[in-house]
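Examining the three-dimensional arrangement
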Amino acid sequence: MAESETPKLDELEKGPWPSFVSEIKRAAENAPNKHMAQDLLRQLERSYNDKIGHWKHGGIVGVKGYGGGVIGRYSDLPEEFPGVAEFHTFRVNQPSGWFYTTEKLRQLCEVWEKHGSGLTNMHGATGDIILLGAPTAELQPCFDDLAEIGFDLGGSGSDMRTPSCCVGPGRCEYACIDTLDLLYNITMEYQDELHRPMFPYKSKIKISGCPNDCVAAVPRSDISIIGTWRDNIRIDPDAVAEYANNGIDIQAEVVDMCPTGCMSWDAETKTLTIDNAECNRCMHCINLMPKALRPGVERGATIMVGGKAPIVHGALLSWVIVPFMKMEPPYTEFKELLEKIWEWWDENGKMRERLGELINRLGMRSFLKAVGLPPVPQMVKVPRANPYYFWDPEEVRKNGH
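Presented here is a report on the structure given in the accompanying data block. Predicted model only: the values in this text are computed from it and were never measured.

1. Concerning the packing of helix H12 (residues 332-348) against helix H14 (residues 364-371)
Relative orientation of the contacting elements H12 and H14 amounts to 130°, with a least axis distance of 9 Å. Compared by their axis directions, H12 and H14 come out oblique. Regarding H12 and H14, the two cross each other, and that crossing is right-handed. Residues Leu337, Lys340, Ile341 and Trp344 of H12 pack against Ser366, Phe367, Ala370 and Val371 of H14. Residues of the contact of H12 with H14, tallied by class, amount to six nonpolar, one polar and one charged.

In structure tokens form, the structure reads like this:
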């Protein structure tokens, strides 16, 4: 394809960073269905010139038995760009922790080049494998071939979106829970909620193995599962002294950076002390001195709710609702809580209202009563100025008693 046909897109190839335009151009030259990538480039250039996106939602498309997983996309200039007249997107459920074999990736690409544009997004914001651009007639055949190689569709629409997790114990020494097993268990348990939209809006579950939160569960998911510990941080005094002798200023770089001020350092004796009751699991000290400091041994997860990006209303970070929960198969305690949360949200949520927005509207007290949880101090940022908590008359002490 001549560069002169897409001068504005050509600008996006300049500079030191990889460009999606270059990848689309490669598909436009080499993909079996290269006419799709060619017309995609032309329509995108047209969108830059017209300052308007030339995509429209022309109806519901999907595969047999599923209400989600396929996102319909049509060009509003089908005569001018016939290669993208129908350019539907598959969301394909990724393996736990995004672990692939080369053979499986080759099989996936072969299926997609047979049925679609050959363009992929590894991975979408929810974690899915995104297959970009298939005509309507190829949706069911593509799904059937994906199933033959062991892949299923992920979530889209008002359902449980495809859960995702960090690599957890597969590669990370900090993992406090088995994120990979938990993700697989939840995915298999809630197939109806994943494939058949039934909720007021989308519901996202993300799982991080430790408080470093490498999948950004806290800002991006309605239900966040964050691996943690509830005993003391383990300290190796000799390793602490070694870090000090090797040039780390433990007072300035560790103790003074502690957000809760729970650490102290005696430079003369090279002794580090932690008031674990005040620790909020920020992981800074452990990340900086991994040979000297380790997470505790009594491990589980903190459960948080309400995170979301600023789509309908503003962005929200998740709130703590359970400071510590054991996370062991078959994860019954978590599943019982999850189902209570979904039931309350399904009963009370408005159309396109996320869980965090509903809690904002009806109050944390209503939510906690509905799911049977007690308030905990981690929920209160500023005493006597928190909008969520109000006393019922029967809860107020009378005459000082």
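2. Brief notes about helix H13 (residues 355-362)
Among the residues making up H13, those that are buried are Leu355, Gly356, Glu357, Leu358 and Ile359. In the core, the buried residues of H13 are packed alongside strand E9 (223-229), strand E14 (299-305), strand E15 (319-325), H12 and H14. Phi turns positive, to about 100°, at Gly363, one or two residues after H13.

3. Observations concerning the packing of H12 against H13
Relative to each other, H12 and H13 sit at 70°, their axes nearing to 11 Å. Considered as vectors, H12 and H13 are oriented roughly perpendicular to each other. Like other packed secondary-structure pairs, H12 and H13 cross with a definite hand, here left-handed. Residues Ile341, Trp344, Trp345 and Asn348 of H12 form the contact with H13, whose own contacting residues are Leu355, Leu358, Ile359, Arg361 and Leu362. Its residues assigned to classes, the contact of H12 with H13 comprises seven nonpolar, one polar and one charged.

4. Comments concerning the sheet that holds E15
The mixed open sheet is built from five strands, whose spatial order is E7-E8-E9-E14-E15. Of all the strands in the sheet, the pair left with one neighbour each is strand E7 (164-165) and E15. Those strands touched by H12 are strand E8 (205-208), E9, E14 and E15, and its axis lies near 160° from that of E15. Running at roughly 110° to E15, H13 makes contact with E9, E14 and E15 of the sheet.

5. Things to note about unusual backbone geometry
In this model, Met122 is joined to His123 through a cis peptide bond whose omega is 15°. The topology assignment puts His123 in the loop between strand E5 (119-122) and strand E6 (129-134). Omega for the peptide link from Pro329 to Pro330 comes to 5°, which places this bond in the cis form. With a phi close to 65°, Arg352 is a non-glycine residue in the positive phi region. Residue placement: Arg352 occurs in the loop between H12 and H13.

Analysis parameters
The numbering scheme is per chain: residues are counted from 1 as the chain's sequence reads. Local features in a predicted model are, by the rule used here, given only for residues with pLDDT of at least 70; side-chain atom pairs are given and counted only at 80 or more, and totals for whole chains, interfaces and linings are based on all residues. Side-chain measures here rest on the full set of heavy atoms in the structure, leaving out hydrogens and waters. What counts as an axis is a line fitted to C-alpha atoms, over the stretch in contact for a helix, and the angles between N-to-C directions run from 0 to 180 degrees. Think of it this way: any DSSP run of H or I at least four residues long counts as a helix, any run of E at least two long counts as a strand, and we number them from the N terminus. Convention used here: angles under 35 degrees read as roughly parallel, angles over 145 as roughly antiparallel, angles from 65 to 115 as roughly perpendicular, and any remaining angle as oblique. Crossing handedness is defined as follows: a turn of the near helix away from the far one that is anticlockwise and smaller than a right angle gives a left-handed crossing, while the clockwise case is right-handed. Contact criterion: two residues are considered in contact whenever any of their non-hydrogen atoms come within 4.5 Å of each other. Residue polarity is assigned by list, with Asp, Glu, Lys and Arg as charged and Ala, Val, Leu, Ile, Met, Phe, Trp, Tyr, Cys and Pro as nonpolar; anything else, Gly included, falls into the polar class. A simple rule labels every residue: compare its accessible area, found with a 1.4 Å probe on the protein chains alone, to the largest value its type can have, and call it buried under 20%, exposed over 50%, or partly exposed in between. Any two strands between which DSSP finds at least two bridges are classified as paired.

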